[in-house]
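Notes for the structure review
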Amino acid sequence: MGEVLVRIAMIGGGYVGLVSGACFAEFGLHVAVVETNPGRLSALREGRIPIYEPGLDALVETNARAGRLTFGDDIAQAVAGADAVFIAVGTPPRNGDGAADLQYVHAAARQIAHALTGYAVIVTKSTVPVGSSRRIAEIIRATRPDLDFDVASNPEFLREGSAIDDCMRPDRVIIGLDQKQPERARRAEAVMQRVYEPLKKLNAPLVFTGLETAELTKYASNSFLAMKISFINEMADLCEKLGANVQDLAYGMGLDERIGSRFLNPGPGYGGSCFPKDTLALSRIAQEAQSGCRLVETTVQVNEARKAAMAGRIIAACGGSVNNKTVAVLGLTFKPETDDMRESSSIPILHRLAEAGARLQAYDQVGMEAAKPLLPPETTYCETALESAQNADVLVVLTEWEQFRSISPEALAQRMQAKIIVDLRNIFDPAVMRKAGFTYLSVGRP
Ligand code: NAD
Ligand code: UGA
């Protein structure tokens, strides 16, 4: 007898729903993605991928063609016969207090409750505050008292830009179950074991915990990484003051396995759809629990100050004023290999420069369309990196796209009016740039 096919429904076809849905399908599960945004849905149905994520188009195409991955807006059709229903909708910060806005999660829970026809595990993949999985269970119970279901919390740890690899080869899979009800927990665990069977074969550790622990593990992980970045950013400042080199310092620190070498690259402050909102949300969760979370609160403050300080650094590099000066900008997205502009540090930095009278000439490989509504309206968008340097008084690197590393300093020097570079991602070699005649400033390096 062949293996019984595992069927899942994925509510939300954004970064997380689409990538993890496609990866589950690649592992042989049947995945029905439900997406309510008409533009996103029609793109997906026509085989166009609405986000930029390396490798995703091929993965979606293969699995859609094999019939394992389908897209629709009919939740009843998607959940019919599903063993597990994943919620992967957005949890943006709520206006005003920084807590996560759960309106999309709760709406999804109600829709699932109406649509289910048999037992399923309702799994939260979205990043949600502690207590949310129990709240989802309450909503479903209140909507459909007759329904037999369990809940699980299964936070996602993928990074944009390397999302497929992160999903296919995760460091760990965290699965929270209602341990207060052992019978139910066992039943839900059996389903989750089947869902993640292919990953177990790849030796990815499945960590089973309680619901609250799983929810908190996600916020704690993101906040710890954000704290690591803010720490190295402060060390970079200190290196500048003391004549030390942050790159060597990070290398030296990172060789200690207890510290680890990753996420020790200084820059213009972390951005993206998650670190800023999740650090705020964790601070809020701790406040509500009347528990201290000062390190995370300080991380948020350090990161906010960082963005303002980086704008100031660019202005200082131009002799104290950018009024009527042309600033070439390389990179706009919050990190390379994504078109995501959410909370990118480029947004406050470039607004500050525009307010100070700068003319902005920007280039980003894939982020310019998403950037346009968020950046100062008078920004000029260029076809190439070199074009952005034309007649520029200063060149600023904001995102470390790989292609920028191979730009010829001579070609830049020929085009620029003044030879000043502020490299906020440390992508160039200071010696090479200085040899080419540039005043070259980077982060935490002499
Ligand atoms: P997103 O905004 O890209 O995608 C959410 C999608 O859900 C949207 O396309 C929206 O139209 C759709 N949607 C909303 N309500 C729906 C409903 N009722 N039915 C069907 N579709 C619905 O968000 P995202 O970046 O994928 O993030 C989703 C969650 O995952 C968030 O909680 C986020 O914090 C978390 N997360 C994100 C990442 C990341 O790298 N982006 C990584 C890990 C975790
Ligand atoms: C981050 C986490 O890394 C994922 O594990 C998590 O699943 C995800 O958030 C989420 O919850 O959404 P992501 O935001 O895609 O992933 O990108 P990261 O690679 O973590 O970068 C975040 C920001 O930190 C970027 O602005 C990046 O430039 C900055 N960063 C990162 C640094 O400034 N220095 C570093 O050393 C690393």
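Residues numbered from 1 in each chain as written. Chains lettered and ligands numbered in written order. Predicted model: local features only at pLDDT ≥ 70, side-chain atom pairs only at ≥ 80, totals over all residues.

Take the packing of helix H10 (residues 211-242) against helix H13 (residues 294-317) next. To characterise two packed helices, one gives the angle between the axes of the helices and the distance between these axes. Direction vectors running N to C along H10 and H13 enclose 50 degrees, while the axes themselves pass 9 Å from each other. By the criterion of interaxial angle, the relationship of H10 to H13 is oblique. Relative to H13, the crossing made by H10 is left-handed. Residues Ser-223, Ala-226, Met-227, Ser-230, Asn-233 and Glu-234 of H10 form the contact with H13, whose own contacting residues are Leu-295, Val-296, Thr-299, Val-302, Asn-303 and Arg-306. A per-class count over the contact of H10 with H13 returns five nonpolar, five polar and two charged. (Axes fitted to C-alpha atoms, helices over the stretch in contact; angles between N-to-C directions. Helix = DSSP H or I, 4+ residues; strand = E, 2+ residues; numbered from the N terminus. Parallel < 35°, antiparallel > 145°, perpendicular 65-115°, else oblique. Left-handed = near helix turned anticlockwise from the far one by under 90°. Contact = placed C-beta atoms within 7 Å. Nonpolar A, V, L, I, M, F, W, Y, C, P; charged D, E, K, R; others polar.)

The immediate surroundings of ligand 2 are formed by 21 residues, with Glu-160, Asn-265, Tyr-270, Gly-272 and Cys-274 found nearest. In terms of residue count, the dominant contributor to the shell around ligand 2 is H10 (three residues). Grouping the constituent residues of the shell around ligand 2 by class yields 10 nonpolar, seven polar and four charged. Built from parts of two domains, the shell around ligand 2 gets at least three residues from each of domain 1 (7-204) and domain 2 (247-441). (Near = placed C-beta within 6 Å. Domains from an automatic or database assignment.)

Let us look at the sheet that holds strand E9 (residues 326-330). Neighbouring strands of a sheet are bound in pairs by backbone hydrogen bonds; such pairs are parallel or else antiparallel. One open sheet accounts for six strands, arranged E11-E10-E9-E12-E13-E14; its pairing is parallel. The open sheet has two edge strands with one neighbour each: strand E11 (380-381) and strand E14 (439-441). Bridging between strand E10 (residues 359-363) and E11 involves two bridges; their strand directions are parallel. The residue bridging Gln-361 from the neighbouring strand is Thr-380, located in E11. The sheet strands contacting H13 are strand E12 (394-397), strand E13 (420-423) and E14, and the helix crosses E13 at an angle near 165 degrees. (Pairing = 2+ DSSP bridges.)

Taken together, 27 residues surround ligand 1, and among them Gly-12, Gly-14, Asn-37, Ser-126 and Thr-127 come closest. At the level of elements, helix H1 (15-26) and helix H5 (103-115) are the ones that each hand at least two residues to the shell around ligand 1. The leading source of residues in the shell around ligand 1 is H5, at four residues.

This next bit is on the domain arrangement of the chain. What the domain assignment lists for the chain is domain 1 (7-204) and domain 2 (247-441). Here the C-alpha centroids of domain 1 and domain 2 sit 33 Å apart. In this complex, domain 1 contributes 15 residues to the contact, which on the side of domain 2 involves 15 residues. Across the side of domain 1 that touches domain 2, the residue classes break down as nine nonpolar, three polar and three charged.

A separate point is the UniProt feature "binding site: NAD(+)" (unreviewed entry) in the chain. Under the UniProt annotation, "binding site: NAD(+)" (unreviewed entry) lies at Arg-40, Thr-91, Thr-127, Glu-160, Lys-277 and Arg-342. Across 303 residues of sequence, these annotated residues are also dispersed in space, with a maximum C-alpha separation of 23.4 Å. Here Lys-277 shows up in helix H12 (residues 275-288). Classification of Lys-277 by C-beta neighbours within 10 Å gives buried; the count is 23. Once you skip the residues sitting within four places of it in the chain, Lys-277 turns out to touch Pro-92 and Pro-93. (UniProt positions renumbered as here; feature names shortened; annotations may be inferred. Buried ≥ 20, exposed ≤ 12 C-beta atoms within 10 Å, placed from the backbone.)

A separate point is the UniProt feature "active site" (unreviewed entry) in the chain. Residues given the UniProt feature "active site" (unreviewed entry) here are Cys-274. Mapping Cys-274 onto the fold places it in the loop between helix H11 (246-254) and H12. Residue class for Cys-274 comes out buried when judged on the 25 C-beta atoms lying within 10 Å of it. Discounting residues that sit within four places of it in the chain, Cys-274 has contacts with Thr-127 and Asn-222.

Moving on: the pairing of strand E3 (residues 69-72). Burial of the side chains of E3 is restricted to one face: Leu-69 and Phe-71 are buried, whereas none of Thr-70 and Gly-72 on the reverse face is. Sheet analysis places strand E2 (residues 30-34) next to E3, joined by four bridges and oriented parallel. In the strand pairing of E3, Val-31 is matched with Leu-69.

Attention now moves to the environment of Ser-133. Mapped onto the fold, Ser-133 is located in helix H6 (residues 132-143). Not counting chain neighbours up to four residues away, the residues in contact with Ser-133 comprise Thr-124, Val-151, Ser-153, Gly-176, Leu-211 and Glu-215.

Before going further, it helps to spend a moment on unusual backbone geometry. Of note in this structure, Phe-263 is not a glycine but carries a positive phi near 65 degrees. Assignment of secondary structure puts Phe-263 in the loop between H11 and H12. Under the C-beta neighbour-count criterion, Phe-263 is labelled partly exposed, with 16 such atoms within 10 Å. Positive phi, close to 50 degrees, is recorded for Asn-426, a residue that is not glycine.

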